[in-house]
Amino acid sequence: MLKVYTVPLGASMCEDFCKELAGKPYGEGVMVLPTGLLQTKAAQTYNVPTTGFDTLASKVINMNGYLGLHEVNRREQELIVEQALKYWAEKGEITYFAQMMEKKGFVNQLTTFLGQLARSGATADEIHNAFKAWERTSFKQAKDEEIWKIYFAYRFLLKNEDNFDLEGKYRLALKILKEEEAPKLPWRYIYVSDFATLDALQLEFLIALAKHCHIKVGIAYNEEQDVFAASAGTLEQLEHVTKLEPVAGV
């Protein structure tokens, strides 16, 4: 079950959620907040378990038997992207990015971009089909094709070594939630507050998780204020599975 509460700018559902969670047996639920500072403050003030959003996916994976996988850190990701670049360069299939490969910061920026692609919620095949559908000019088409090749090689290298990145972690957790009839979960109640927005992969994960436990989300939003443009996409996705409940006077 998933319920979403919208509050005005500057307000938060954190206190209300923490008080509700504190009334339940300790360990049956968790408060999810975007920063370590907010997590520590809520835990100390209300004596409730707290965590970050990404940890939810880790818990699902670990409790359902996937204990031998290695989650790569940012530096390891960059090294794998470098491997992917060199692989295609040695085959003579990198032209658009050939002059950039040795430039400082390029691998870092490319790794960030590949992560954004992965977190769009689209599969590798869907990303490739989208690039092909653009039918851009030869120069830009070469760029699209090379991005796809690098992305494909990056994901292959990860899987080949039984490694996974943050995006891969979410996809594995999603697979468990969608394919297991009764996946093991450490909580019955999950409260999410103070996030300005969630990306497509996080939203898909949250919606899948809500089929197996009770989730309440608090998010600041006012359709008449431009400052909430980033939140609009998150709320639009959540509206497909739940009714939004504006909280007055918060």
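For the structure, see preceding data.
So, here's what we can say about the structure. Quick caveat, the model's predicted, so the values are computed rather than measured. (Residues numbered from 1 in each chain as written. Predicted model: local features only at pLDDT ≥ 70, side-chain atom pairs only at ≥ 80, totals over all residues. Heavy atoms only, no water.)

**What about the overall build of the protein?**
Check the secondary structure of the protein and you find ten helices and eight strands. The buried share of the protein, reckoned over its 250 residues, is 42%. Long-range contacts, defined here as pairs at least 24 residues apart, represent 76% of the contacts in the protein between residues at least 6 apart. A total of about 13800 Å² of accessible surface is found on the protein, and carbon and sulfur atoms cover 51% of it. (Helix = DSSP H or I, 4+ residues; strand = E, 2+ residues; numbered from the N terminus. Buried < 20%, exposed > 50% of the residue type's maximum accessible area, 1.4 Å probe, protein only. Contact = heavy atoms within 4.5 Å. Areas by Shrake-Rupley, 256 points an atom, 1.4 Å probe, with all protein chains shown as cover.)

**Section: the pattern of salt bridges**
Under the criterion given, the structure shown has ten salt bridges. The closest approach of N and O atoms between lysine 19 and glutamate 15, which form a salt bridge, is 2.9 Å. On the criterion of helical spacing, the pair formed by lysine 19 and glutamate 15 is a turn pair, its members being four residues apart in helix 1 (residues 14–22). Residue lysine 19 is classed as exposed on the basis of its relative accessible area, which comes to 51%. A salt bridge links glutamate 28 to arginine 188; the shortest N-O distance between them is 3.5 Å. With glutamate 28 in the loop between helix 1 and strand 2 (29–32) and arginine 188 in the loop between helix 8 (166–179) and strand 6 (189–193), the pair connects residues that are 160 residues apart, well separated along the chain. Taken together, the salt bridges that share partners define one network made up of Arg74, Arg75 and Glu78. (Salt bridge = Lys/Arg side-chain N within 4 Å of Asp/Glu carboxyl O.)

**Quick notes on the pairing of strand 2**
Burial of strand 2 is two-sided: the residues Gly29 and Met31 facing one way and the residues Val30 and Val32 facing the other way are all buried. Across four bridges, the pairing between strand 2 and strand 6 is parallel. From the neighbouring strand, glycine 29 faces strand 6, where its bridge partner is tyrosine 189. Running through helix 2 (residues 36–46), the crossover from strand 2 to the neighbouring parallel element strand 3 (residues 50–51) is right-handed. (Pairing = 2+ DSSP bridges. Right-handed = clockwise from strand over helix to strand, strands pointing away.)

**Regarding unusual backbone geometry**
Working note: non-glycine residues mostly have negative phi, and peptide bonds are mostly trans. In the Ramachandran plot, asparagine 47 falls in the positive-phi region, its phi being about 55° despite a non-glycine side chain. Within the fold, asparagine 47 resides in the loop between helix 2 and strand 3. Located in the positive-phi region is aspartate 194, a residue other than glycine, with phi close to 75°. Examined against the element boundaries, aspartate 194 turns out to sit in the loop between strand 6 and helix 9 (200–209).

**Structural notes on the packing of aromatic side chains**
One pass over the full model with this rule turns up ten aromatic pairs. Ring geometry for phenylalanine 53 against phenylalanine 205: centres 6.2 Å apart, planes inclined by 75°, an arrangement best described as edge-to-face. Taken together, the residues phenylalanine 53 in helix 3 (residues 53–63) and phenylalanine 205 in helix 9 connect sequence positions 152 residues apart. Given a relative accessible area of 0%, phenylalanine 205 falls into the buried group. Note on tyrosine 170 and phenylalanine 205: the rings are 5.5 Å apart at their centroids and 75° apart in plane angle, and the pair reads as edge-to-face. Remark: phenylalanine 205 occurs in helix 9 and tyrosine 170 occurs in helix 8; sequence separation between them is 35 residues. Per residue, the accessibility class of tyrosine 170 equals that of phenylalanine 205, and both read buried. Through a chain of ring-to-ring contacts, the aromatic side chains of Phe53, Tyr170, Phe195 and Phe205 assemble into a single cluster. (Phe/Tyr/Trp six-rings, centres within 6.5 Å; stacked < 30°, edge-to-face > 60°.)

**A closer look at the pairing of strand 6**
Summarising burial for strand 6: five of the five residues are buried, a large majority. Because side chains alternate across strand 6, one face comprises the buried residues Tyr189, Tyr191 and Ser193, and the other comprises Ile190 and Val192, equally buried. Handedness of the β-α-β unit built from strand 6, helix 9 and strand 7 (residues 214–220) comes out right-handed.

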